Amino acid sequence: MSDQPLFFWQNWRNPYRAFYILILLLVLLMLVLGAFFHLQGRDTILSWFPATQLQEIGLPIDSFTKGLFNFNVELESYYVTEQFVASLMQVNPWAMYGLLGVISLSIVLLLSLISVLPRFWYIGAMAIFILMLASFKLDLLEVFGWKNSTFFIVAVALYGGLSYYFHAFRSHTSFPLQFLSFAGLTAVLALVIAFFSESTYPALSLISHGIIVPVALSVVVILVVAQEIVHGFLYLVTKGGGFGGDNSLTHFTVITFFYLFNVLLAYLHNSVVISWDIFYLNAFFVLAISLVLGLWGFRKRSGTFENIIPFTPYGAFLYLGLALITISTITYFFATANDPMIEMFEDAILFSHLAMGIVFYAYVLVNFKTPMQQGLAVHRVVYQPKAFPFYYARALSVIIVAIMLFYANFYPVYQSVAGYFNNLGDFYTLKQDYFLAEQYYRLGVQYDYRNHKSNYAIASLARNQGDKVSAITHLKQATIKNTSSYTYGSLSDIYQQEELIFEALFNLQQGIKKFPGSGELHNNLGLLYNQTNISDSAYYYFTQAAELTSKPEVVHTNLLAFWIKNKNLYPINTDSLLAKQPVSQDVSLQNNRLVLAQLADLTEEATLLPGFATDSVLTRERFAYLFNYTLHHKRTSDSSLVKLITRLETIERNAIFSEDLRLAQAAYEYYANDRARGLDQLNLIVAGKPSRGIYFNKILGLWLLQQNIFTGAATHFKAAADLGDSTSLPNYAIALSEAGQWPEALVAWSSVGQQAAEEMKTTAAQMQTIGQAILTGQPSSAAVTLDDAGKALLVHFSKDILLPQVAGHIATAEYRVRALAGLAEKYIQRDSLIQANQLLELASRSRGISEELQALVKAIQLHLLYVQNDATPRLAAIDSANVPQEYVDEKLFWKARSYEKAKQYAQADQYYRLALKRLPTDPATVNFAVNFYNTTRENPEQGYQISLTALQLHPLSPELLKTYILQCLEMRLLTYAEENLDKLQFLTGAADYQSFLRVYEAKRASIENMLSGWE
């Protein structure tokens, strides 16, 4: 600010120069940190985090047909919605530690300077230091268990004694040595406190209670540097080569007026006098400029206090020490989002800069008007006035600030008190002494009832205690002034918990008006609209949120959830929609992709997300993802997936997901690997009486029905119906009808007719007619009373009586073809291949049938081809055939038989094993496999295990029981064979039993003869 070197410290001796540069760099670092935390705002102590909610949805994973009845296997799956939840008030202990460190450094620096002061000023400075020590409330630290002022007295004695020693006896001791001495003493006391204090967080206690003096010093520094910007303007217009020249007074007046006018606007805006939508000066930017300019301004004024402390180097260090305290103190309040204290500093800056700026301008005019008109370098002598001393100007500016403070009803003072209590509230929150913390926060509200920090902190404590009324009261209070998007988010969250949906909607709308850039509020409002089925508004706010939020994956998760929920309202191209989604490893987003793909019957090729191999405890979203991933890959064999689910399911903390994890594992086994194992696992879940008994019984019933285990299916459908599920009653009746248990089936169909919808009532009536006809042994007589659907049902359920004439006279093509195809299968099973071929030819000539039925006819034709022809054409036809899903497993059996006939036994063995996993209770598959292992592979033990497994799954199957009995004979288990022969008599008709008995006796006689020959 003069013609002397700009970097005046470059002429100092090296220890002083290096140390000054080091402290200067620290000041600049604190300025950068202050700017960072200022820009962060409340993000330093508050944050948004996504809260996951699982929404149930029926996910179709399979479908199959029995007769004319279509069955859909639907599992309760989960898609994810994510709401942004505002965190509770967080305490920033690192800001406290940082401030304590910088304040300690500054105190040591200032103590090292005090000793050079004259006696009067020395005593005054030491009094301020002792006051600061007293404000630290050292007695609360309980060092060595002392609960009185002993430690405070010791600290005063040590610091005072060392300082007085340097002041009175060693006044010529170098500044670096004094600094190191005080730093060493401070380090020793810090170690004593750290190791011998009985208080928790003793360091934080110091800064929490002792913040008063740094705040007061900061306000003084703000007053001291308040004229520096106007002084800078003076320097610019009057320095040699400056742009002022002879018009320097005019230029100085214009620039100063423009600056002061902007300061005035900022002051009026802060005082809520004006609310214009214009740019306002940032008070803290103004202070930062003033503090930097003050480096040279303080040097310029050094002549006014040279008799107290020389500027080089002590005055320069004094200024840096005080500036460091000021910047670190304000930075600390930024980092803790202590808004009443921040506002107090803002007012202090604007009050002082406005008052001192006006007074300093007047001071320059009074003292230097003529020299400025002459274009002289007034900046060189600005602090050497002739008419009006500078300290008069300073006193006048202080009076003006006092008047402004009076006009503001001393509100900034009350704010500083509120900020102090907030600081103590943070400390006791950190100590988890929530009672004391709340009392201090309430004192903060008492001194500034609209301040955000106190109200939000009390609301946070209330929410922790479940006091939602108090939380709502204080959150509403926190919206009055200096509010935040977090406040609206928290209020909305509580309203939703209390099911006050309208209040939550209104609150979020108000929040978006005040914070239009908050993607989090847009997302939450979109969720609420989606929840209340206002889908167009939901979509609008989701799309807005995706552009605004810093976590777009959360919003995209909700957008996918929107399409999952509203899939029937809006036609969408799911493939295109999924392709547009951002590439992300986010679990929730990937989960919803899987659900949407499954609903659209698309395949997502993604591998399992990383991290699951090391997971132990599942979150809700990770559980949902694992569950849906397993279902989506249910037809892909992956043993590692089964092991992962098994491991996670056994962990106690995953017990809440246990049933679903076990179901996912069962579904995987059933669809991708071993149906018998899948059925066993689901049966274990049902046997454990799960909380969702209806759900699990229905699924098990459907799986058993699909495997033609009709009596078992009927048992579980009835269990579901008995638990209150009316939709299981028709399935129960169908299963009984398929099992041929017509007396029970008629009772069930009668119940269906009384309870079901109109369409099912018609079917129930026809099934009762069919059942009565079958029981009387004259099923064909019922045909005349049935419509086409009823005739097709009659043909299907007349198990032992073939009715080709009835099938051929069905007028409706769909019903006729299905009846003819079913009859053809029966003829193939009876080796009546000519009749089967005729029926299939008749069916294939039908026109206007669905692709599904066409595929069914082709599959049965393939079955006929496999039975008729040699192995080579069979294999070629089977490989190339595109069959319905229910015949995919049959192809495995056909290929096994074909390879066996072609004497390719290794391939036959492979396909028999695969077929048995997919068709564990199919009589033909089991019978041929047993014979294959008995003869070709010479492994009757394997054959026995196959027959036993099948019988355990379907103990009431006569055909499986026959195979098992014969295998018992093969294994020489004659007692087992005899016992099960008695059971067979109860499961089959007399003619069938007698026919099998002849086979049984012949084989037994052969074995007995063989055994007697060995003897």
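Numbering of residues starts from 1 in each chain and follows the order in which that chain's sequence is written. Confidence filtering applies because this is a predicted model: local features only for residues at pLDDT of at least 70, side-chain atom pairs given and counted only at 80 or more, and all residues used for totals across whole chains, interfaces and linings. Where side-chain values are given, they derive from all heavy atoms of the structure, hydrogens and water being excluded.

The name given to the protein chain in an unreviewed UniProt entry is Tetratricopeptide repeat protein, and the organism recorded there is Rhodocytophaga aerolata.

Caption draft 1: View of the overall build of the protein chain. The secondary structure content of the protein chain amounts to 46 helices and 2 strands. Note on method: radius of gyration uses C-alpha positions; expected globular size equals 2.2 Å times residues raised to 0.38. Its C-alpha atoms give the protein chain a radius of gyration of 45 Å, clearly above 31 Å, the size a compact globule of 1015 residues would have. A principal-axis box enclosing the C-alpha atoms of the protein chain has dimensions of 135 × 65 × 50 Å. Across the 1015 residues that make up the protein chain, the buried fraction comes to 54%. Here a helix means four or more residues in a row that DSSP labels H or I, a strand means two or more in a row labelled E, and each is numbered from the N terminus. Each residue gets one of three labels from its accessible area relative to the maximum for its type: buried under 20%, exposed over 50%, partly exposed in between, using a 1.4 Å probe on protein chains only.

Caption draft 2: Representation of unusual backbone geometry. Cis geometry is found at the peptide bond from Thr 312 to Pro 313, where omega equals -10°. Tracing the backbone shows Pro 313 in helix H11 (residues 311–335). Positioned with a positive phi, Ala 337 is a non-glycine residue whose angle comes to about 50°. By relative accessible area, Ala 337 is classed as buried at 6%.

Caption draft 3: The packing of aromatic side chains, seen in detail. A pair of aromatic rings is counted whenever rings of Phe, Tyr or Trp (Trp by its six-membered ring) have centres within 6.5 Å, and the orientation is called stacked for planes under 30 degrees apart, edge-to-face for over 60 and tilted otherwise. By the definition in use, this model includes 79 aromatic pairs. On the basis of an interplanar angle of 85° and a centroid distance of 4.9 Å, the ring pair of Tyr 670 and Tyr 671 is categorised as edge-to-face. A single burial state applies to Tyr 670 and to Tyr 671, both of which are buried. Ring centres 5.5 Å apart and planes at 40° place the aromatic pair Tyr 944 and Tyr 964 in the tilted group. A residue pair is termed long-range when its members are at least 10 positions apart, and Tyr 944 in helix H43 (residues 940–953) and Tyr 964 in helix H44 (residues 958–970) qualify at 20 residues. Assigned by exposure class, Tyr 944 and Tyr 964 land together as buried. Should the NZ of a Lys or the CZ of an Arg lie within 6 Å of a ring centre and within 35 degrees of the ring normal, that charge is described as sitting over the ring. One Lys or Arg, Arg 622, reaches over the ring of Phe 612 and ends 4.1 Å from the middle of that ring. For the cation-ring pair, Arg 675 lies above Tyr 670, with the distance from its terminal atom to the ring centre recorded as 4.5 Å.

Caption draft 4: Local environment of the side chain of Ser 163. Within the secondary structure layout, Ser 163 lies in helix H4 (residues 150–169). Of the residues examined, Ser 163 reaches a relative accessible area of 0% and is grouped as buried. Residues count as neighbours in contact if any of their non-hydrogen atoms are within 4.5 Å of one another. Every residue in contact with Ser 163, bar those within four places of it in the chain, is listed here: Ile 114, Ser 115, Tyr 122, Met 126 and Phe 182.

Caption draft 5: Local environment of the pairing of strand S1 (residues 48–66). Two elements, S1 and strand S2 (residues 69–86), share 18 bridges in a ladder whose sense is antiparallel. By the bridge assignment, Gly 58 is partnered in S2 with Glu 76. Taken together, S1 and the strand that follows it, S2, pair antiparallel across an intervening segment of 2 residues, in which Gly 67 is found at a positive phi of about 65°. Strand pairing is assigned whenever DSSP identifies at least 2 bridges connecting the two strands.

Caption draft 6: Representation of the pattern of salt bridges within the structure. Any carboxyl oxygen of Asp or Glu that lies within 4 Å of a side-chain nitrogen of Lys or Arg is treated as forming a salt bridge with it. Considering all chains together, one arrives at 23 salt bridges under this definition. Note that Arg 937 is salt-bridged to Asp 909, the shortest N-O span being 3.2 Å. In this pair, Arg 937 sits in the loop between helix H42 (923–936) and H43 while Asp 909 sits in helix H41 (residues 905–918), placing the two residues 28 residues apart along the sequence. Assessed through its relative accessible area of 9%, Asp 909 is described here as buried. Among the ionic contacts, a cluster of salt bridges with common partners joins Glu 76, Glu 659, Asp 660 and Arg 692.

Caption draft 7: Region of the structure containing the packing of helix H8 (residues 228–238) against helix H9 (residues 248–270). With axes taken as lines fitted to C-alpha atoms, and helix axes fitted only over the stretch in contact, angles between N-to-C directions fall between 0 and 180 degrees. Here H8 crosses H9 at 150°, and the two axes come no closer than 9 Å. By the angle between their directions, the pair H8 and H9 is classed as roughly antiparallel. Considering how the two elements wind past one another, H8 and H9 form a crossing that is right-handed. Contacts between H8 and H9 involve Ile 229, Val 230, Phe 233, Leu 234, Val 237 and Thr 238 on the former and, on the latter, Ser 248, His 251, Phe 252, Ile 255, Thr 256 and Tyr 259. In this classification, the charged set is Asp, Glu, Lys and Arg, the nonpolar set is Ala, Val, Leu, Ile, Met, Phe, Trp, Tyr, Cys and Pro, and all remaining amino acids, among them Gly, are polar. Split by residue class, the contact of H8 with H9 holds 8 nonpolar, 4 polar and no charged. Any angle that falls under 35 degrees is termed roughly parallel, while one over 145 is termed roughly antiparallel, one within 65 to 115 roughly perpendicular, and all others oblique. When the near helix sits turned anticlockwise from the far one by under a right angle, the crossing is termed left-handed; a clockwise turn instead gives a right-handed crossing.

Caption draft 8: Fine view of H4. Residue count minus one, scaled by 1.5 Å, sets the expected span of a helix. Compared with an ideal rise of 1.5 Å per residue, which puts 20 residues at 28 Å, H4 spans 27 Å between its outermost C-alpha atoms and is within 8% of the ideal. By the burial criterion, the buried members of H4 are Phe 151, Ala 155, Tyr 159, Ser 163, Phe 166 and His 167. Relative to the axis of H4, the buried residues are bounded by an arc of 125° and lie together on one face. In H4, the exposed positions angled more than 90 degrees off the buried face are occupied by Ile 153 and Phe 169. The arc refers to the directions leading from the helix axis to the C-beta atoms.

Caption draft 9: Representation of the packing of helix H2 (residues 93–114) against helix H6 (residues 202–209) within the structure. Remark: H2 packs on H6, axes separated minimally by 9 Å, with the N-to-C direction vectors making an angle of 75°. Judged by the inter-axis angle, H2 sits roughly perpendicular to H6. Contacts between H2 and H6 involve Pro 93, Met 96, Tyr 97, Leu 99, Leu 100 and Ile 103 from the first element and Ala 203, Leu 204, Leu 206, Ile 207 and Ser 208 from the second. When grouped by side-chain class, the residues that make up the contact of H2 with H6 number 10 nonpolar, 1 polar and no charged.

Caption draft 10: Region of the structure containing helix H18 (residues 485–497). With 13 residues, H18 should reach 18 Å at 1.5 Å per residue; the first-to-last C-alpha distance of 19 Å fits that figure. Of all the positions in H18, only Ser 485, Tyr 486, Thr 487, Tyr 488, Gly 489, Ser 490, Leu 491, Ser 492, Asp 493, Ile 494, Tyr 495 and Gln 496 are classed as buried. Of the surrounding elements, those touching the buried residues of H18 are S1, S2, helix H16 (452–464), helix H17 (468–478), helix H19 (501–514) and helix H20 (519–531).

Caption draft 11: Fine view of the environment of Leu 521. Relative to the helices and strands, Leu 521 is located in helix H20. Sequence separation of Leu 521 and Val 85 is 436 residues, and the distance between their C-alpha atoms is 9.5 Å.

Caption draft 12: Expanded view of the side chain of Glu 228. By the element assignment, Glu 228 lies in helix H8. Relative accessible area serves as the criterion here: at 0%, Glu 228 is assigned to the buried category. We define a polar contact as two N or O atoms separated by no more than 3.5 Å, with the added condition that, inside protein, one atom must be a possible hydrogen donor and the other a possible acceptor, whereas residues neighbouring each other in sequence contribute only through side-chain atom pairs. Within polar-contact distance, the side chain of Glu 228 engages the side chain of Gln 227 at 3.2 Å. If we ignore the near neighbours within four places in the chain, the residues touching Glu 228 are Ser 290, Leu 293, Gly 294, Gly 297, Phe 298 and Arg 301.

Caption draft 13: Here's a closer look at the nonpolar core. Judged by nonpolar contacts, the single largest core of 325 residues is most densely connected at Tyr 20 and Trp 703. With 18 residues, the single largest contributor to this core is helix H12 (residues 339–373). If near-sequence neighbours (up to four positions away) are discounted, Trp 703 is found in contact with Val 73, Ala 666, Ala 667, Tyr 670, Tyr 671, Gly 678, Leu 679 and Leu 682. Side-chain atoms within 4.5 Å are what join buried Ala, Val, Leu, Ile, Met, Phe, Trp, Tyr and Cys residues into a set we call a nonpolar core.

Caption draft 14: Inspection of a nonpolar patch on the surface at higher detail. Surface patches are defined over residues having more than 30% relative accessible area and no salt bridge, joining like charges when they lie within 9 Å and nonpolar side chains (Val, Leu, Ile, Met, Phe, Trp, Tyr) when within 5 Å. Surface accessibility follows the Shrake-Rupley procedure with a 1.4 Å probe radius. Residue values consider only the protein chains on display as shielding. Among the surface-exposed residues, Phe 144, Trp 146, Val 154, Leu 158, Leu 191, Phe 195 and Phe 196 lie close enough to one another that they form a single nonpolar patch of about 690 Å² accessible area. The leading source of residues in the nonpolar patch is helix H5 (residues 175–196), at 3 residues. Tracing the sequence through the fold places Phe 144 in the loop between helix H3 (119–135) and H4. Take Phe 144: its relative accessible area is 43%, and that puts it in the partly exposed class.

Caption draft 15: Quick look at the environment of Val 286. Locating Val 286 in the fold gives a position in helix H10 (residues 283–300). When the C-alpha positions of Val 286 and Ile 349 are compared, they lie 7.9 Å apart, and in sequence the two are 63 residues distant. Apart from residues no more than four positions distant in its own chain, Val 286 is found in contact with Ile 229, Tyr 259, Leu 281, Ile 349 and His 353.

Caption draft 16: Quick look at the environment of Leu 249. Position of Leu 249 relative to the elements: it lies in helix H9. Spatially, the C-alpha atom of Leu 249 lies 10 Å from that of Tyr 361, the residues being 112 residues apart in sequence. When neighbours within four sequence positions are excluded, Leu 249 is seen to be in contact with Leu 365, Lys 369, Met 372 and Gln 373.

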